[in-house]
Amino acid sequence: MSFPKAEKLREKSDIDRLFRTGARFSCKGMALRIAKNTLGKNRAVFVPVRSFRGSVERNRAKRVAREVWRLNKASFAQGYDLAFVLYPDAVDFEIIRSNMLFLLRKAGLFR
RNA sequence: UGAGCGGGCUUAAGCCAUCGCGGUGCACUUAUGUGCACCGAGGAAAGUCCGGGCUCGUGAAUGAGCGCAAUACCGGCUAACGACCGGGGCGGAAUCUGACCAGCUUUAUGCUAAGGCGGGUUCCGUACAGAUAGUGCAACAGAAAGCAUACCGCCUUGAAAAAGGUAAGGGUGAAAAGGCGGGGUAAGAGCCCACCGCCUGUUCAGCAAUGAGCAGGGCACGGCAAACCUUAUUGCGAGCAAGGCCAAACAGCAGUGGGACGCUCAUCCCCGCUGUUUUGACGCUCCUUCUGGGAGUAUUCAGAACAGCAGACUGCGGGUAGGCCGCUUGACUGGUGAGUGGCAACACUUUCCCGAGAUGGAUGAUGGCAGCAUGGGCAACCAUGGACAGAACCCGGCUUACGAGCCCGCUUUUUUU
RNA sequence: GUGGGUGUAGCUCAGGUGGUAGAGUGCCAGACUGUGGAUCUGGUUGUCGUGGGUUCAAACCCCAUCACCCACC
């Protein structure tokens with residue numbers, strides 16, 4: 001299950017719009033912003049906050065979150081922009097996995 | 001032998017498989033994908049403390065002056081540096097040494113290196129220009145603290161009070177007008193002498209810093225420039241979000257249109273659509289005192305005001321969003337392996353190789369094997385863990401963080417002699 | 001990437017011309033009160049972020065370093 005560039009949310013204007021108007025779900029260690037788009041498929045972005053201890057931990061949180069998304073993205077409804085905001089409490093693979101699935105269930109994206 | 005601290009060098013947990021991501025090349029498709037091959041974080045990528053390359057700016061980045069900042073023993077190295085290398089001075093430690101003072105004793109051409117003075121060797125450290133260019137600063141204590149002074153003392157005179165001489169000894173202080181020993185003296189003093197220090201001159205060695213020697217001077221010229229300052233040298237400012245190229249949209253400027261009469265040209269005039277309100281004209285109806293006047297009014301035409309809608313196409317310069325380049329082969333000095341010169345930093349010659357280039361920002365996940373550390377266990381084995389840390393235009397240094405291995409130095413535990 | 005600031009008592013801050021560190025608040029004790037508060041009196045509190053250096057002497061001067069904060073593009 002690949003994760004090419006077309007399924008990434010890359011434009012600064014798109015991201016700004018998502019954070020301004022998107023619906024908001026959160027739990028300990030992670031937050032989710034979500035909004036419908038017109039492309040018929042999902043686009044995602046992973047945003048670690050600034051207060052990580054260093055760039056190693058910050059990048060690692062982002063990579064792990066992206067891996068979790070890549071492995072699970074086939075089981076969700078299509079046509080949304082998503083932004084996952086990551087906080088320094090949770091870096092482990094399993095914690096990020098359970099957080100992400102919990103938030104997506106709250107958002108009602110499971111098919 | 002175990003542990004700790006400091007310094008230097010090497011390395012940055014290995015192999016295999018699957019899935020995933022970024023780049024380059026080739027092929028096919030085509031405007032974006034697919035397939036194959038190869039490559040894909042560091043010694044500090046970090047801090048941003050210095051130095052450059054590169055790019056733009058200003059008239060220029062060449063020169064002179066002022067201000068500001070940095071640097072400051074000498075020589076070398078370098079593109080450059082405050083870095084690095086070598087040398088010198090100074091300071092400290094260890095050790096050896098002259099028995100000069102001091103100490104001890106068996107009292108002699110004796111012993112002692114713990115103390116003072118002098119000499120040598122090794123190691124470590126060192127922001128180390130100028131205090132005789134000037135201005136300034138030094139609390140308290142002390143008699144006196146900057147071209148100074150005499151408190152207790154010592155000596156002379158004197159019955160005493162006191163006067164004179166003196167700077168050994170005491171006391172104050174961080175610092176008190178060379179140190180130490182001998183001679184000398186009323187007591188003392190570079191007053192005289194040896195050694196050391198200082199100043200002046202000179203000779204030799206060295207590229208130089210500086211060192212060694214000789215002669216002279218008996219000798220104040222104190223400390224602080226990480227106080228102001230003086231002298232010398234260096235430095236223009238901004239930074240890859242530099243800078244260059246392409247370029248939607250909105251706004252701006254210019255042009256293109258229609259109408260009279262078949263065509264062409266010139267000049268002049270007019271100019272979109274819808275709705276509401278209002279004014280005027282023509283028409284119609286009604287009243288009337290009837291060549292006239294008045295009232296009402298659908299529609300049409302014209303004008304004015306307000307509101308709404310529509311505002312196209314082409315070109316232009318500037319340029320936003322966005323994209324591309326800059327971008328990775330590089331200071332002939334990148335990596336690797338040899339060789340030559342140099343004490344070294346480093347320089348030169350040569351073989352082979354090209355080893356990240358992202359842009360919401362690529363290195364991740366899973367499994368297996370081997371191995372390391374810690375804990376448990378007699379053992380097989382089991383469990384846990386993976387140092388510091390992530391390229392962002394590129395280099396040379398410095399500093400800081402840190403796992404493992406090796407080497408050196410120091411401290412210490414245990415054992416043995 | 002560039003530039004700037006702060007670190008002093010439990011807390012908020014002074015002190016910066018080198019000469020031996022203070023204010024408010026807090027805390028402790030006493031007085032007052034039936035008790036508490038308020039008030040009054042007295043006391044207490046520091047390796048001046050860390051490590052070096054200069055100096056006779058450093059919170060102050062110099063260098064390095066650590067942590068935190070801010071601004072601009």
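Residues numbered from 1 in each chain as written. Chains lettered and ligands numbered in written order. Predicted model: local features only at pLDDT ≥ 70, side-chain atom pairs only at ≥ 80, totals over all residues. Heavy atoms only, no water.

## Notes on the overall build of chain A
Part 1: The helix and strand tally for chain A stands at three helices and four strands.
Part 2: Each helix (α) and strand (β) of chain A, taken in turn from the N terminus, gives the series α-β-β-β-α-β-α.
Part 3: Here the C-alpha atoms of chain A give a radius of gyration of 13 Å, agreeing with the 13 Å that 2.2 N^0.38 yields for 111 residues.
Part 4: Counting only C-alpha atoms, chain A reaches 40 × 30 × 25 Å along its principal axes.
Part 5: Within the span of chain A, comprising 111 residues, buried residues form 41% of the whole.
Part 6: Partitioning the contacts of chain A with sequence separation of at least 6, the portion at a separation of at least 24 is 78%.
Part 7: Put simply, chain A shows about 6,600 Å² of open surface, and 50% of that area lies on carbon and sulfur atoms.
Part 8: Taking the average place of the 25 positive charges on the side chains of chain A and the average place of its 10 negative ones, the gap between the two points comes to 2 Å. (Helix = DSSP H or I, 4+ residues; strand = E, 2+ residues; numbered from the N terminus. Rg over C-alpha atoms; globule rule 2.2 N^0.38 Å. Buried < 20%, exposed > 50% of the residue type's maximum accessible area, 1.4 Å probe, protein only. Contact = heavy atoms within 4.5 Å. Areas by Shrake-Rupley, 256 points an atom, 1.4 Å probe, with all protein chains shown as cover. Lys, Arg positive; Asp, Glu negative; His and termini not counted. Charge placed at Lys NZ, Arg CZ, Asp CG, Glu CD.)

## A closer look at the environment of Ala65
Part 1: The topology assignment puts Ala65 in helix H2 (residues 55-72).
Part 2: On the basis of relative accessible area, Ala65 is assigned to the buried category, the value being 0%.
Part 3: The spacing of Ala65 and Met100 is 35 residues in sequence and 8.2 Å in space, taken between C-alpha atoms.
Part 4: Setting aside its immediate chain neighbours within four residues, Ala65 contacts Phe46, Leu86, Ile96 and Met100.

## Here we look at the protein's contact with RNA strand B
Part 1: Around RNA strand B there are 20 residues in total, and Lys8, Leu9, Arg60, Arg63 and Arg70 lie nearest to it.
Part 2: Taking Arg63, its side chain carries an N or O atom lying 2.8 Å from a phosphate oxygen of RNA strand B.
Part 3: The separation between a base nitrogen of RNA strand B and a polar side-chain atom of Glu67 is 3.5 Å.
Part 4: Looking at the surface near RNA strand B, the elements with two or more residues in it are helix H1 (12-21), strand E3 (43-48) and H2.
Part 5: Among the elements that take part in the surface near RNA strand B, H2 stands out by supplying nine residues, more than any other.
Part 6: Looking at the surface near RNA strand B residue by residue, the classes come out as seven nonpolar, three polar and ten charged. (Near = heavy atom within 4 Å. Polar contact = N/O pair within 3.5 Å; in protein donor to acceptor, adjacent residues only side chain to side chain. Nonpolar A, V, L, I, M, F, W, Y, C, P; charged D, E, K, R; others polar.)

This is a description of form; function is not addressed.
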